[in-house]
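A structural walkthrough
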Amino acid sequence: MTTPRALVAGNWKMNGLKASSSEITHLNDLISTSGANCDVLICPPFTLISTLVAMGAKNVPIGAQDCHMNVSGAHTGDVSAQMIKELGCDYIIVGHSERRADHGESNDIVKAKAAAAQEAGTTAIICVGETLQDREAGNTLNVVSSQVRGSIPKNAPAAQTIIAYEPVWAIGTGKVPTAANVEEVHKVIREILVDRFGADGKQVKILYGGSVKASNATELMSVPNVNGALVGGASLKAEDFYGIISAYDKIG
Ligand code: PGA
């Protein structure tokens, strides 16, 4: 059984104005010139999706950072998965720790959002990860396991499911777990996916996220069961992000 093709996904969070479209042009050119041995994705804020999709940068697909769990209705300020799909996005991040913390999103909410994303025909990138408190209390595997089990929708198609393991304490801090720590968590996630999806669970991508940058990408992306990265800060500049993408030239 071959391993899934890796995905290096950028999460711009609440960053970017129209001028940032030059980073997409630059990234597209870097990939055209020097290639990419992995799939690539950029998830900008909602406000930029149309602009960036309209650029037609063929090497840089555009995704979204969140969606509502319903298809339509009285939900002021929210955006549905169907609306995002219509814009030309094939991926939606759900359950990022910043949404879990800032918007009180429980596993049940994340599960409903993932289901909405999948029903709209997109792939849900479901984020999980322990806090520093969880890790220090020795609860990492329990917390991550229950998030993975609790956030995958009942009828989830394996082919439209991606898990992103992002230790909360590693996000935006410059701190990264050891390769051995990442391996331990990804192995448990893989076991849950195989338990859930059978052999197809081996093809579900498990991304690592949290302070990934060009200088640590090769080590982190070489860990067994790490099938790519979810990148925040280092995705904002095309050169930095391409440095992570090109880690896959060395990994093969
Ligand atoms: P970071 O963010 O790469 O800036 O640590 C990762 C994420 O939150 O997806």
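Here the structure is shown first, and the text comes after it.
Predicted model, so just to flag it, every value in this text is computed and none were measured.

Right, let's get into the site of the ligand. Around the ligand there are 13 residues in total, and K13, H96, E166, G172 and S211 lie nearest to it. At 2.7 Å, a side-chain N or O of K13 approaches an oxygen atom of the ligand. At 2.8 Å, a backbone N or O of G232 approaches an oxygen atom of the ligand. Coverage of the ligand by the protein amounts to 94% of the 280 Å² it exposes when considered alone. A majority-of-atoms criterion places the ligand in the second largest pocket.

The subject of this paragraph is the pairing of strand β6 (residues 205-209). In summary, the side chains of a regular strand alternate between the two faces of the sheet. Summarising burial for β6: five of the five residues are buried, a large majority. Of the two faces of β6, the one carrying K205, L207 and G209 and the one carrying I206 and Y208 are both buried. Of the strand pairs in this sheet, strand β5 (residues 161-165) and β6 are connected by four bridges, and their pairing is parallel. Paired with A164 across the two strands is L207, which belongs to β6. At this point the chain moves from β5, through helix α8 (residues 179-197), to the parallel β6, and the crossover so formed is right-handed. Here two bridges tie β6 to strand β7 (residues 228-231), and the two strands are oriented parallel to one another. Of the residues in β7, the one forming a bridge with G209 is L230. Note that the unit made of β6, helix α9 (residues 214-221) and β7 has a crossover that is right-handed.

All right, on to the layout of surface pockets then. Space left empty within the atom packing is revealed by a probe, the size of a water molecule, rolled over the atoms. Here the largest pocket defines a volume of roughly 380 Å³. Forming the walls of the largest pocket are 14 residues, and the residues nearest its centre are K13, M14, Q65, R99 and H103. Counting only elements with at least two residues in the lining of the largest pocket, the list comes to α2 (46-54) and α4 (97-102). When its residues are assigned to classes, the lining of the largest pocket shows four nonpolar, five polar and five charged. Reported here for the second largest pocket is a volume of approximately 180 Å³. Residue composition of the lining of the second largest pocket, grouped by class: five nonpolar, eight polar and three charged.

Between side chains of opposite charge, pairing is possible as soon as their charged atoms come close. Scanning the entire structure with this criterion turns up eleven salt bridges. Of the charged contacts, one joins E98 and K13 as a salt bridge, the two residues approaching to 2.9 Å between their closest N and O atoms. Highlighted residues: E98 in helix α4 and K13 in the loop between β1 (7-11) and α1 (21-34), separated in sequence by 85 residues. Here E98 falls in the partly exposed class, since its relative accessible area comes to 30%. With a closest N to O distance of 3.2 Å, K187 and E191 form a salt bridge. Here the residue K187 and the residue E191 both occupy positions in helix α8, the gap between them amounting to four residues, near one helical turn. Exposure remark for K187: the relative accessible area of 47% places this residue in the partly exposed category. Judged by relative accessible area, E191 falls into the partly exposed class, the value being 44%.

Summed over the entire model, instances satisfying the criterion amount to one aromatic pair. Over the ring of F197 we find R196, and its NZ or CZ is 5.0 Å from the ring centre.

Moving on: the nonpolar core. L27, I163, I189, Y208 and I245 are the most contacted members of the largest nonpolar core, which has 66 residues in total. Element by element, the count of residues in this core is highest for α8, at seven residues. The residues touching L27, leaving out its near neighbours within four places in the chain, are V40, I42, V60, A238, F241, Y242 and I245. Residues C43, Y91, I93 and I125 belong to the second largest nonpolar core, which totals twelve residues.

Cut-off values and rules
- Residues numbered from 1 in each chain as written.
- Predicted model: local features only at pLDDT ≥ 70, side-chain atom pairs only at ≥ 80, totals over all residues.
- Heavy atoms only, no water.
- Near = heavy atom within 4 Å.
- Polar contact = N/O pair within 3.5 Å; in protein donor to acceptor, adjacent residues only side chain to side chain.
- Areas by Shrake-Rupley, 256 points an atom, 1.4 Å probe, with all protein chains shown as cover.
- 1 Å grid on protein atoms, 1.4 Å probe; cavity = no way out; pocket = protein on both sides within 12 Å on 5 of 7 lines; lining within 4 Å.
- Sits in = over half its atoms within 2 Å of the grid points.
- Buried < 20%, exposed > 50% of the residue type's maximum accessible area, 1.4 Å probe, protein only.
- Helix = DSSP H or I, 4+ residues; strand = E, 2+ residues; numbered from the N terminus.
- Pairing = 2+ DSSP bridges.
- Right-handed = clockwise from strand over helix to strand, strands pointing away.
- Points joined across faces, edges and corners; volume = space filled by probe spheres on them.
- Nonpolar A, V, L, I, M, F, W, Y, C, P; charged D, E, K, R; others polar.
- Salt bridge = Lys/Arg side-chain N within 4 Å of Asp/Glu carboxyl O.
- Phe/Tyr/Trp six-rings, centres within 6.5 Å; stacked < 30°, edge-to-face > 60°.
- Lys NZ or Arg CZ within 6 Å of the ring centre and 35° of its normal.
- Core = buried A, V, L, I, M, F, W, Y, C linked by side-chain atoms within 4.5 Å.
- Contact = heavy atoms within 4.5 Å.

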